[in-house]
2 protein chains.
Amino acid sequence: MKIAVDAMGGDHAPKVIVEGVMLAKQSFPDIEFQLYGKEDAIRQYVTDETNITIIHTDEKIASDDEPVKAIRKKKQASMVLAAQAVKEGRADAIFSAGNTGALLAAGLFIVGRIKGIERPGLMSTLPVMTGNQGFDMLDLGANADNKPEHLLQYGILGSFYAKNVRGIANPRVGLLNNGTEETKGSELTKKAFELLSQEPSIQFVGNVEARDLLSGVADVVVTDGFTGNAVLKTIEGTAANIMSVLKEAILSSGIKGKMGALLLKESLRDVKGQMDYAQYGGAVLFGLKAPVIKTHGATGPEAVANTIKQIHTMLDTQVVPKLVAHFEAEKNAEQ
Amino acid sequence: MKIAVDAMGGDHAPKVIVEGVMLAKQSFPDIEFQLYGKEDAIRQYVTDETNITIIHTDEKIASDDEPVKAIRKKKQASMVLAAQAVKEGRADAIFSAGNTGALLAAGLFIVGRIKGIERPGLMSTLPVMTGNQGFDMLDLGANADNKPEHLLQYGILGSFYAKNVRGIANPRVGLLNNGTEETKGSELTKKAFELLSQEPSIQFVGNVEARDLLSGVADVVVTDGFTGNAVLKTIEGTAANIMSVLKEAILSSGIKGKMGALLLKESLRDVKGQMDYAQYGGAVLFGLKAPVIKTHGATGPEAVANTIKQIHTMLDTQVVPKLVAHFEAEKNAEQ
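About the cut-offs
Residues numbered from 1 in each chain as written. Chains lettered and ligands numbered in written order. Predicted model: local features only at pLDDT ≥ 70, side-chain atom pairs only at ≥ 80, totals over all residues. Heavy atoms only, no water. Helix = DSSP H or I, 4+ residues; strand = E, 2+ residues; numbered from the N terminus. Rg over C-alpha atoms; globule rule 2.2 N^0.38 Å. Buried < 20%, exposed > 50% of the residue type's maximum accessible area, 1.4 Å probe, protein only. Contact = heavy atoms within 4.5 Å. Core = buried A, V, L, I, M, F, W, Y, C linked by side-chain atoms within 4.5 Å. Axes fitted to C-alpha atoms, helices over the stretch in contact; angles between N-to-C directions. Parallel < 35°, antiparallel > 145°, perpendicular 65-115°, else oblique. Left-handed = near helix turned anticlockwise from the far one by under 90°. Nonpolar A, V, L, I, M, F, W, Y, C, P; charged D, E, K, R; others polar. Least-squares fit on C-alpha atoms with pLDDT ≥ 70 in both. Pairing = 2+ DSSP bridges. Expected span 1.5 Å × (residues − 1). Patch = residues over 30% accessible without salt bridge, like charges linked within 9 Å, V, L, I, M, F, W, Y side chains within 5 Å. Areas by Shrake-Rupley, 256 points an atom, 1.4 Å probe, with all protein chains shown as cover. Salt bridge = Lys/Arg side-chain N within 4 Å of Asp/Glu carboxyl O. Buried area = accessible area lost by both parts, 1.4 Å probe. Polar contact = N/O pair within 3.5 Å; in protein donor to acceptor, adjacent residues only side chain to side chain. Domains from an automatic or database assignment. Lys, Arg positive; Asp, Glu negative; His and termini not counted. Charge placed at Lys NZ, Arg CZ, Asp CG, Glu CD. Phe/Tyr/Trp six-rings, centres within 6.5 Å; stacked < 30°, edge-to-face > 60°.

1. Things to note about the overall build of chain A
The helix and strand tally for chain A stands at 12 helices and 11 strands. On C-alpha atoms alone, chain A measures out to a radius of gyration of 21 Å, which is about the 20 Å that the 2.2 N^0.38 rule sets for 335 residues. Principal-axis analysis of the C-alpha atoms gives chain A an extent of 70 × 60 × 35 Å. A buried classification covers 59% of the 335 residues belonging to chain A. Expressed as a percentage of contacts within chain A between residues at least 6 apart in sequence, the contacts between residues at least 24 apart total 69%.

2. Describing the nonpolar core
Ile71, Met137 and Leu213 of chain A together with Ile71, Met137 and Leu213 of chain B are the most contacted members of the largest nonpolar core, which has 118 residues in total. Setting aside chain neighbours within four positions, we find isoleucine 71 of chain A in contact with Ile61, Met79, Val80, Ala102, Ala105, Ala106 and Ile110 of chain A.

3. Let's talk about the packing of helix H1 (residues 15-27) of chain B against helix H11 (residues 301-316) of chain B
All names here are of chain B. Where H1 contacts H11, the two axes come as close as 7 Å, and the packing angle between them is 55°. One way to sum up the angle between H1 and H11 is to call them oblique. Note on packing geometry: the crossing formed by H1 with H11 is right-handed. Residues Val16, Ile17, Glu19, Gly20, Val21, Leu23 and Ala24 of H1 pack against Pro301, Glu302, Val304, Ala305 and Ile308 of H11. Its residues assigned to classes, the contact of H1 with H11 shows 9 nonpolar, 1 polar and 2 charged.

4. A few points about the relation of the copies chain A and chain B
In the superposition of chain A on chain B (RMSD 0.0 Å, axial shift 0.0 Å), the rotation amounts to 180°. Between the two chains, the operation in question is that of a two-fold axis. No C-alpha of chain A lies nearer the rotation axis than that of glycine 260 of chain A, which sits 1.8 Å from it. A high fraction, 100%, of the interface residues of chain A reappear at the interface in chain B, so the copies pair face to face through one surface.

5. So, the sheet that holds strand E4 (residues 93-96) of chain B
All names here are of chain B. The strand order across the open sheet built from 11 strands is E3-E2-E1-E4-E11-E10-E5-E6-E9-E7-E8, with neighbouring strands paired in mixed fashion. At either end of the open sheet lies a strand with only one pairing partner, and these are strand E3 (52-56) and strand E8 (203-208). Across the sheet, the mean angle from the axis of one strand to that of its neighbour is 25°, orientation sign disregarded. As judged from the 4 bridges shared by strand E1 (residues 2-6) and E4, these two strands associate in the parallel manner. By the bridge assignment for E4, valine 5 is matched with phenylalanine 95. Each of E4, strand E5 (121-126), strand E10 (283-286) and strand E11 (292-294) is contacted by helix H5 (residues 100-111), which is oriented at about 180° to E11, the strand it contacts most. The strands that H11 touches are E1, strand E2 (32-37), E4, E10 and E11; relative to E4, the one it contacts most, it runs at about 165°.

6. Quick word on the sheet that holds strand E9 (residues 220-222) of chain A
All names here are of chain A. With mixed pairing, the 11 strands of this open sheet are ordered in space as E3-E2-E1-E4-E11-E10-E5-E6-E9-E7-E8. Edge positions in the sheet fall to strand E3 (52-56) and strand E8 (203-208), since each has one partner strand and no second. Strand-to-strand twist of the sheet, defined as the mean angle between neighbouring strand axes without regard to direction, takes the value 25°. Across 3 bridges, the pairing between strand E4 (residues 93-96) and strand E11 (residues 292-294) is parallel. If you follow phenylalanine 95 over to E11, its bridge partner there is isoleucine 293. The strands touched by helix H11 (residues 301-316) within the sheet are strand E1 (2-6), strand E2 (32-37), E4, strand E10 (283-286) and E11, with E4 carrying the most contacts at an inclination of about 165°.

7. Considering helix H6 (residues 148-164) of chain A
Side chains that are three or four residues apart share a direction in an α-helix, a result of its 3.6 residues per turn. Under the 1.5 Å per step criterion, the end-to-end length of H6 of chain A is 25 Å for 17 residues, consistent within 8% with the ideal 24 Å. By the criterion of burial, H6 of chain A is predominantly enclosed, with 15 of the 17 residues buried.

8. Some points on a nonpolar patch on the surface
The grouping of Val68, Leu108 and Phe109 of chain A at the surface amounts to a nonpolar patch, some 240 Å² of accessible area in total. Relative to the helices and strands, leucine 108 of chain A resides in helix H5 (residues 100-111).

9. Here we look at the interface of chain A and chain B
Listed as interface residues are 49 residues of chain A and, on the opposing side, 50 residues of chain B. For the chain A and chain B pair, buried surface summed over both sides reaches about 4,300 Å², with 70% attributable to carbon and sulfur atoms. If you look at where chain A meets chain B, you find 4 salt bridges. The closest approach of N and O atoms between glutamate 209 of chain B and lysine 233 of chain A, which form a salt bridge, is 2.1 Å. Here chain A and chain B share 8 residue pairs in polar contact (both at pLDDT 80 or more) between them.

10. Overview of the domain arrangement of chain A
Residue and element names in this part refer to chain A. When cut into domains, chain A gives domain 1 (1-117 + 287-335) and domain 2 (121-278). Averaged C-alpha coordinates put domain 1 and domain 2 at centres separated by 25 Å. Between domain 1 and domain 2, the contact holds 17 residues from the first and 14 residues from the second. Counting across the interface, domain 1 meets domain 2 through 0 salt bridges. Scanning the region where domain 1 abuts domain 2 turns up 3 residue pairs in polar contact (both at pLDDT 80 or more).

11. Observations regarding a positive patch on the surface
On the surface, a cluster of positive charge is contributed by Lys87, Arg113, Lys115, Arg119, Lys147, Lys289 and Lys331 of chain A. Along the chain, the position of lysine 147 of chain A falls in the loop between strand E6 (135-138) and H6.

12. Focus on the packing of aromatic side chains
Residues and elements named next belong to chain A. Enumeration according to the criterion identifies 4 aromatic pairs over all chains in this entry. Consider the rings of tyrosine 161 and phenylalanine 286, whose centres lie 5.6 Å apart with planes at 85°: the pair is edge-to-face. You can see tyrosine 161 sitting in helix H6 and its partner phenylalanine 286 sitting in strand E10, a full 125 residues away along the chain. Tyrosine 161 gets classed as buried once you look at its relative accessible area, which sits at 2%.

As structure tokens, then:
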């Protein structure tokens, strides 16, 4: 399998990207990597050239570029070339740690949607505090406005992913809502509830509340992109704030508190580890003709390697071709 | 001033409600309390009868009653009688720790909306991790669907509250959105952004992201009730989960971890204190002709007393009559 890597995306590119690729190469000798970006800058981190091709380009998309414009104007950008390679069948998937909006645009406009899928959704596997399983949530912000039909499709997409990529036999699909009762919700979620209830290909478990997400109330949680974005950022902001308040409380607590913190070091590290969702890989723009994956914020080589492992599983399990077949069959059944 | 208290609402009613009233009485001898509910059950916790009137009723609304139906059918319920007292001018505000939906319904259908306010919003003051000031957020779920005009009104309502009740001279009003740039957002938030920008009576500071809420990015944050509900519950769920993972990590860490936890006890308590938003009082259904207030989940006497203090300030500063005058003037200006 061939993965097109935008080696210039992210704050510490190309260093951590290439280091992550080198790390992943050790576990996956069946992957051929195409690294797009400045050849000199990339080559200094390539410690083993087998299965590595560098495709040189000087152009790259900056983190503050306007996404759609950047994709259209910067035709030689590393991200655009990588997406082109996927479109033209020279690569099977694209990976980037760069500008999220631009990657979404590259995914939609260059790689393209699966026939029958209206609005691909951004999906991540988020941690469940009481176990290692996690849950898949989408849309996390690829769209600002969604229709009930999109939420139904997210249920199908998420279920496919949980089943094929994460090995959950019969994933529980929940609808994020403002109450668990069937009658609860906005106009959008009430209609989505109906559609999800009637869908035979998934196990719909009804409404779930934001309060219970991290307790593992479902394996897949669907919501509109606006709410999903707000919920994801609230989880991140709350966790970061609690950790910083805790740190400050320890630092200002004198010798006693500092000794306590020293003794508790491992426990605190456990908590951070439990919260770290880079362990599950990156965010997938799901519903496209090939895997298009973004790694999280401050990426290190391990997060890059985890994401490559995730792409390997996606390609290995053929989750995208299976999706294509599902929506093709559905369309034929309708006709 | 007279406060109508639903003494039967909440898990530990009437005990904690009456104990909270007794606590508040010590600070506010100018409040006359009307306690609605079972006289015998209430009286055993009344340690000082000055300024206390008990209005007996056997009926009450259960936590799982269907809100609107309960308000219509249970005409003698403690919550309904308390709301009636406000409607008929026999009390100035109503306080309950009972069924939130029923209290919202009682507020809307019995107390009634301020003329010119379309959709009253549920508002709480939430904690900011880096200080004691907190921020007011609404709508937290009184409505499942909102229009841009409602979000504008929430900006005005929140600003009035922050100014009058919390003493913030020129409150910064932010719009919760999926990015900080002006062009970002859903159809709803884009239009709301426009309306908020043009409103002369508030200091609109633009879009704010959910990630930055707890860092004090604004004094007032407006959003639709569906998103607000999801964000509030995500904050609660994330905080509760982190605390429980931390506890578990400590408990399973052997003697070393337990010693550390003992030494860190005060710091951990500080963190919990910082997160405790009962310190700011209860949730206000704001936009009604009188203060209608709900205290948070597991209420203790201190939270009840804090909420009564909040009601006292609301009545003292005449924030509701000022709102009435504002929307009256606006209506006249339009004509």
